[in-house]
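One-letter residues, chain by chain:
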Amino acid sequence: MTYFVDVTVRGYELDTQGHLNQAVYLQYAEHARWELLREAGLAQEKLLADGVGPVQLEVTVKYLRELRGGDRVRVSCEFFHSAGKTFEIRQRIVKEDGTVAAEIAGVGGLLDLTARRLVPDPAGRFASLATKPELLGFRAA
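Residues numbered from 1 in each chain as written. Predicted model: local features only at pLDDT ≥ 70, side-chain atom pairs only at ≥ 80, totals over all residues. Heavy atoms only, no water.

**Quick look at the packing of aromatic side chains**
Part 1 of the argument: On inspection of all chains with the given rule, the structure shows 4 aromatic pairs.
Part 2 of the argument: Note that Arg90 overlies the ring of Phe80, its terminal NZ or CZ placed 3.9 Å from the centroid. (Phe/Tyr/Trp six-rings, centres within 6.5 Å; stacked < 30°, edge-to-face > 60°. Lys NZ or Arg CZ within 6 Å of the ring centre and 35° of its normal.)

Here is the structure:
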């Protein structure tokens, strides 16, 4: 299952060339990830109460088309199993006309906030805490 959120590019997010600042693409991706977790029943407060927190270990962004103020985009988010303590996150930022503006790929983990180590089975831990684990849709990479 691909989860998504819709975002409208705001004027204060633009750089001096009049297009979306490169760092804001990462903010949109982060927003979609947290909205997915929240919708699955994993609000930040719940994760903190359980002593864990998601972490990004690696992020790659491919900027494919510029975004300008007022553009409406859909930001997708999918989780995929990886080996061991990590998982893959694949995201796309797509304009209303279907043009892909950016592709974001990352490696994430779930940090034990006391031990300061990654939990051994992040998908299993997410699933055990979530009220709607099916929304996370972990698949084989």
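Following the structure, the description resumes.
**A closer look at the nonpolar core**
Part 1 of the argument: Core analysis: the biggest nonpolar cluster contains 34 residues, and Tyr28, Ile93 and Leu136 have the highest contact counts within it.
Part 2 of the argument: Contributions of two or more residues to this core are made by β1 (3-8), α1 (22-39), β3 (72-81), β4 (86-95), β5 (100-112) and α3 (122-129).
Part 3 of the argument: The dominant element in this core, judged by the number of residues it contributes, is α1, at 7 residues.
Part 4 of the argument: Among all residues touching Leu136, those that are not within four sequence positions of it are Leu36, Leu37, Ala40, Leu42, Phe79, Phe126 and Ala130. (Core = buried A, V, L, I, M, F, W, Y, C linked by side-chain atoms within 4.5 Å. Buried < 20%, exposed > 50% of the residue type's maximum accessible area, 1.4 Å probe, protein only. Helix = DSSP H or I, 4+ residues; strand = E, 2+ residues; numbered from the N terminus. Contact = heavy atoms within 4.5 Å.)

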